[in-house]
Amino acid sequence: MFAELFENVRQKTPLIHCITNYVTVNDCANMLLACGGSPIMADDPEDAVEITAICGGLNINIGTLNRRTIPAMLAAGKRANELGHPVVLDPVGAGASTLRTETAVRLLKEVKLAVIRGNISEIKTLALGSGTTKGVDADVADRVTEENLGGAVTFAKVFARRAGAVVAITGAIDLVTDGERTFCIRNGRPEMASITGTGCQLSALTAAFVTANPDRPLEAAAAAMCAMGLCGEIAYKRMTGLDGNSSYRNYIIDAMYRLTPAALEEGANYEMR
Amino acid sequence: MFAELFENVRQKTPLIHCITNYVTVNDCANMLLACGGSPIMADDPEDAVEITAICGGLNINIGTLNRRTIPAMLAAGKRANELGHPVVLDPVGAGASTLRTETAVRLLKEVKLAVIRGNISEIKTLALGSGTTKGVDADVADRVTEENLGGAVTFAKVFARRAGAVVAITGAIDLVTDGERTFCIRNGRPEMASITGTGCQLSALTAAFVTANPDRPLEAAAAAMCAMGLCGEIAYKRMTGLDGNSSYRNYIIDAMYRLTPAALEEGANYEMR
Amino acid sequence: MFAELFENVRQKTPLIHCITNYVTVNDCANMLLACGGSPIMADDPEDAVEITAICGGLNINIGTLNRRTIPAMLAAGKRANELGHPVVLDPVGAGASTLRTETAVRLLKEVKLAVIRGNISEIKTLALGSGTTKGVDADVADRVTEENLGGAVTFAKVFARRAGAVVAITGAIDLVTDGERTFCIRNGRPEMASITGTGCQLSALTAAFVTANPDRPLEAAAAAMCAMGLCGEIAYKRMTGLDGNSSYRNYIIDAMYRLTPAALEEGANYEMR
């Protein structure tokens with residue numbers, strides 16, 4: 001199934017509008033190109049609305065939000081809704097500041113989201129409407145482990161139903177659920193956390209997968225999650241004793257560029273709950 | 001001839017002010033350093049005008065333009081004109097939104113440009129004052145091929161004469177013309193399109209070449225175009241079966257760092273029309 | 001001593017808030033992760049103040065400052081002061097424009113700085129309250145050499161005492177002083193200047209070292225300086241005849257990722273003055 005979903009990305013070249021932070025934006029663009037999509041970025045409110053209209057999907061990432069870009073996010077999100085384009089929200093740092101939490105909550109309320117992708121602390125903040133986050137990483141106390149997996153799945157399902165969106169929580173085990181079915185994914189490497197923006201790249205990738213497979217957002221998001229993790233595994237095998245997080249970043253994007261639909265199908269490591 | 005033009009870049013270390021998008025700005029800076037130039041970026045209107053004055057050339061790229069940076073582009077462009085500094089315009093996404101089209105048209109009208117560099121769709125938009133663009137890539141229908149080359153050359157010449165600028169259209173075949181003579185360049189690799197920002201880097205590079213060779217903007221722009229394409233060819237030869245677009249990006253900048261004036265002279269692949 | 005200071009960075013994972021330019025921000029984030037720290041970026045004034053509060057240290061870099069981010073820098077700096085968090089200032093381009101010079105001078109006046117890190121031209125501008133800088137690089141006339149080292153040390157000491165901060169001047173020879181003792185550091189490679197943002201990365205790194213070692217800002221800043229230079233040396237050894245400044249950038253961050261406290265201790269090359 002994942003092979004077909006990925007094949008659609010490669011065939012359709014989905015054009016993805018990213019309103020995203022300036023820290024990792026270049027990597028998001030190259031990741032989109034690597035998977036077979038095409039990126040465009042705009043953040044002036046007026047421009048963002050028009051650019052949204054020529055794209056197939058929208059990826060909103062609040063990583064370096066400001067008073068100028070927040071209206072762009074809202075307006076672009078609403079325009080995407082009108083056009084029936086899928087919208088992915090990455091609530092970077094929700095829980096770390098009032099502006100981030102409020103903006104994420106507001107986007108959740110005012111924009112119909114296809115997928116919400118974040119770490120467990122960010123998603124908990126969204127679910128509760130408030131929270132605390134250790135910067136842009138998940139709190140250790142929150143982390144999804146084999147021991148608390150059952151509870152985490154239940155939490156994710158309940159939130160997905162309430163949000164009316166696919167919820168994707170990334171960590172050592174990734175959870176992707178539409179409130180009914182849940183993919184528990186065990187692809188990836190812990191070393192991916194030592195690269196800035198692997199989460200941001202994954203959100204952009206998810207937008208490409210969901211845009212190319214509009215009728216199957218759950219499976220498309222899960223496929224993107226597996227693809228990213230698998231590329232992290234493939235890239236890790238390439239590392240020499242001299243390579244560190246900067247080369248690892250390049251190798252992961254390279255791996256996505258080289259990944260075939262068949263290799264994704266074979267390498268995807270998940271169970272349904 | 002190209003050897004001498006490149007030698008001038010290496011000797012003079014032209015300081016280039018880039019008002020450019022935040023997606024590819026880091027690559028533009030490293031490309032400028034790789035060719036022998038020196039980058040500086042400012043986008044606050046007041047700061048941009050002053051920074052323009054201490055530089056030798058100005059590169060304006062409208063990729064992530066906004067209401068704050070547009071006045072900076074106009075003011076810096078006018079200041080560069082007063083000082084006789086060459087200005088390069090990269091109308092990223094002109095035709096994709098009203099703000100981009102209008103800003104590009106306004107810059108064309110209010111600022112004397114040395115070189116306008118874009119893909120065929122962007123340049124057509126500028127020439128017509130309106131247009132449609134598939135995001136930041138050229139429309140397939142617009143693309144310059146061996147079949148429509150004659151017509152494209154005529155179009156470019158007419159627009160160059162009207163704009164009073166060197167016009168550089170990049171694609172499978174690059175065209176660089178001052179309205180009289182036209183370089184048709186066949187350097188480069190199609191895989192360069194899978195990297196974000198090769199066009200942006202080329203515009204920054206063009207600014208360095210034109211600034212170091214102020215009396216020969218046509219030849220300088222053509223030399224920059226050949227140099228970029230040649231580095232794409234050299235870098236491609238270095239690619240292994242594991243490398244993808246991220247490593248390719250690094251290898252192209254690396255190739256520019258290593259490129260010698262003699263190698264540019266030898267590797268440049270063009271005909272005059 | 002440096003081994004212990006670096007070990008503290010690795011153990012404590014200092015969370016560093018960077019208000020920094022968009023040219024080199026991705027490299028700053030990856031450098032922070034490579035050394036064992038954790039980055040977060042915010043530049044909306046309100047958001048920046050709150051994000052500052054959840055971090056351990058603040059790194060202010062004025063590289064692409066604008067009328068929106070300057071208040072964020074001031075407000076975040078004052079909040080960090082209230083909380084007793086160390087603040088590092090990187091006055092990129094001070095002397096190159098009025099806005100940069102005035103902003104740097106104002107930050108120096110209104111915020112208690114732990115470390116000021118810049119090139120000799122930028123630091124002279126700060127010390128004099130005015131100055132001229134060739135873009136973002138030091139003026140040749142200003143450069144610290146073996147011949148003028150004595151005078152440069154005296155200048156740095158006087159300014160450090162007046163500023164009440166550790167002053168770190170980077171160049172062929174790096175100087176780090178608290179006004180009493182001065183580290184003269186001879187790590188590094190001249191080729192590091194061909195990469196955009198090695199200075200920015202160093203400032204972020206310095207913030208991590210000082211935050212993890214709050215009682216020893218002089219030694220911590222000197223350790224960061226040696227670590228960066230040493231990584232430049234290690235990465236240079238890895239360069240092949242095809243590698244240029246883009247791969248060199250990656251290799252330096254990789255080298256920091258792999259650097260051990262013991263290797264820093266052994267490779268640090270400095271004398272006290």
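Note that the structure is a prediction, hence the values are computed from the model and not measured.

Draft legend 1. Just the interface of chain A and chain B, in detail. Listed per partner, the contact involves 29 residues of chain A and 35 residues of chain B. Where chain A packs against chain B, one counts three salt bridges. With a closest N to O distance of 2.5 Å, Arg67 of chain B and Glu46 of chain A form a salt bridge. Counting every contact that joins chain A to chain B gives 22 residue pairs in polar contact (both at pLDDT 80 or more). For the side of chain A that touches chain B, the secondary structure elements donating two or more residues are α2 (25–35), β2 (38–41), α3 (45–54) and α10 (245–258) of chain A. Of all the elements, α2 of chain A adds the most residues to the side of chain A that touches chain B, at six residues. Here the side of chain A that touches chain B is built from residues that sort into 14 nonpolar, six polar and nine charged.

Draft legend 2. Layout of the relation of the copies chain A and chain B. For the match of chain A to chain B, the screw axis carries a shift of 0.0 Å, the RMSD comes to 0.0 Å, and the turn is 120°. Look at the turn and shift together and you get a three-fold axis relating the two. Taking the C-alpha atom as reference, chain A places Tyr22 of chain A closest to the rotation axis, 3.6 Å from it. Taken together, the interface assignments show that only 7% of the residues at the interface of chain A recur at the interface of chain B, consistent with different surfaces on the two copies.

Draft legend 3. Region of interest: the relation of the copies chain C and chain A. Each copy of the sequence occupies a distinct position, and chain C is placed on chain A by a rotation of 120° and an axial shift of 0.0 Å, giving an RMSD of 0.0 Å. Residue by residue, only 7% of the interface of chain C is reproduced at the interface of chain A, so the copies engage with different surfaces.

Draft legend 4. Focus on empty space enclosed by the protein. A full pass over the atoms with the stated rule returns two cavities of 30 Å³ or more. Volume-wise, the largest cavity comes out at about 390 Å³. Lining the largest cavity are 36 residues, with Tyr22 and Arg68 of chain A, Tyr22 and Arg68 of chain B together with Tyr22 of chain C positioned closest to its centre. Secondary structure elements with two or more residues in the lining of the largest cavity: α4 (69–83) of chain A, α4 (69–83) of chain B together with α4 (69–83) of chain C. Here the second largest cavity is characterised by a volume of approximately 140 Å³. In terms of lining residues, the second largest cavity is bounded by 17 residues, among which Asn26 of chain A, Val23 and Asn26 of chain B together with Val23 and Asn26 of chain C are the most central. Within the residue set of the lining of the second largest cavity, elements represented by two or more residues are α2 of chain A, α2 (25–35) of chain B together with α2 (25–35) of chain C.

Draft legend 5. How the structure looks around the sheet that holds strand β4 (residues 87–90) of chain B. Residues and elements named next belong to chain B. Read from one edge of the open sheet, nine strands run β2-β1-β3-β4-β5-β6-β7-β8-β9, paired in mixed fashion. Of all the strands in the sheet, just β2 (38–41) and β9 (270–272) have a single pairing partner and so form its edges. With strand direction ignored, the average angle separating the axes of adjacent strands in the sheet is 20°. As judged from the five bridges shared by strand β5 (residues 115–119) and strand β6 (residues 166–170), these two strands associate in the parallel manner. Bridge pairing links Ile116 to Val167 in β6. Contacting β4, β5 and β6, helix α6 (residues 120–128) runs over the sheet at an angle of about 125° to β5.

Draft legend 6. A look at the sheet that holds strand β5 (residues 115–119) of chain A. Residues and elements named next belong to chain A. Pairing in this open sheet of nine strands is mixed, and the strands run β2-β1-β3-β4-β5-β6-β7-β8-β9 from one edge to the other. The open sheet has two free edges, formed respectively by β2 and β9 (270–272), since each of these has just one partner strand. Direction aside, the axes of adjacent strands within the sheet are offset by 20° on average. As judged from the four bridges shared by strand β1 (residues 15–19) and strand β3 (residues 57–61), these two strands associate in the parallel manner.

The rules behind the values
- Residues numbered from 1 in each chain as written.
- Chains lettered and ligands numbered in written order.
- Predicted model: local features only at pLDDT ≥ 70, side-chain atom pairs only at ≥ 80, totals over all residues.
- Heavy atoms only, no water.
- Contact = heavy atoms within 4.5 Å.
- Salt bridge = Lys/Arg side-chain N within 4 Å of Asp/Glu carboxyl O.
- Polar contact = N/O pair within 3.5 Å; in protein donor to acceptor, adjacent residues only side chain to side chain.
- Helix = DSSP H or I, 4+ residues; strand = E, 2+ residues; numbered from the N terminus.
- Nonpolar A, V, L, I, M, F, W, Y, C, P; charged D, E, K, R; others polar.
- Least-squares fit on C-alpha atoms with pLDDT ≥ 70 in both.
- 1 Å grid on protein atoms, 1.4 Å probe; cavity = no way out; pocket = protein on both sides within 12 Å on 5 of 7 lines; lining within 4 Å.
- Points joined across faces, edges and corners; volume = space filled by probe spheres on them.
- Pairing = 2+ DSSP bridges.
- Axes fitted to C-alpha atoms, helices over the stretch in contact; angles between N-to-C directions.

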